Amino acid sequence: TKAHQYFRDPALRLGATPDAYADCPKRGRGLIQVKTVESSMFRDVWKVDGEIEPPLWIAIQAAVETYLTGRKWTAVAVL
């Protein structure tokens, strides 16, 4: 489901706008961070030793969104 809310924690000075929510029967309520990446950037930055791994800043963004929304898990979808 597309997300339409802005979440924030003023005390921590954090804010986030998730891209989408997902509900999994096994994992519970989660969210999905969607990124568009140019193919050479994907190859040079996202592929580490043959494995796909989001850059650290995206992992942190997803973790902050998970915290602020109270969701249990996060996935990153790359286009």
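These numbers come from a predicted model, not from an experiment. (Residues numbered from 1 in each chain as written. Predicted model: local features only at pLDDT ≥ 70, side-chain atom pairs only at ≥ 80, totals over all residues. Heavy atoms only, no water.)

Asks: Pulling in residues and values, what's your account of the sheet that holds strand S7 (residues 73-78)?
Replies: The three strands are arranged S3-S4-S7 in an open sheet whose pairing can be described as mixed. The open sheet has two edge strands with one neighbour each: strand S3 (20-24) and S7. With strand direction ignored, the average angle separating the axes of adjacent strands in the sheet is 30°. Note: strand S4 (residues 28-35) against S7, six bridges, orientation parallel. Within the sheet, the bridge partner assigned to Gly 30 lies in S7 and is Trp 73. (Pairing = 2+ DSSP bridges. Helix = DSSP H or I, 4+ residues; strand = E, 2+ residues; numbered from the N terminus. Axes fitted to C-alpha atoms, helices over the stretch in contact; angles between N-to-C directions.)

Asks: Describe in detail the side chain of Glu 65, supporting the description with residues and values.
Replies: Note that Glu 65 resides in helix H2 (residues 56-69). Of the side chains bearing the opposite charge, Lys 35 lies closest to the buried Glu 65, which forms no salt bridge; the N-O distance is 6.6 Å. If sequence neighbours within four positions are ignored, Glu 65 has contacts with Ala 16, Thr 17, Pro 18, Leu 31 and Gln 33. (Buried < 20%, exposed > 50% of the residue type's maximum accessible area, 1.4 Å probe, protein only. Lys, Arg positive; Asp, Glu negative; His and termini not counted. Salt bridge = Lys/Arg side-chain N within 4 Å of Asp/Glu carboxyl O. Contact = heavy atoms within 4.5 Å.)

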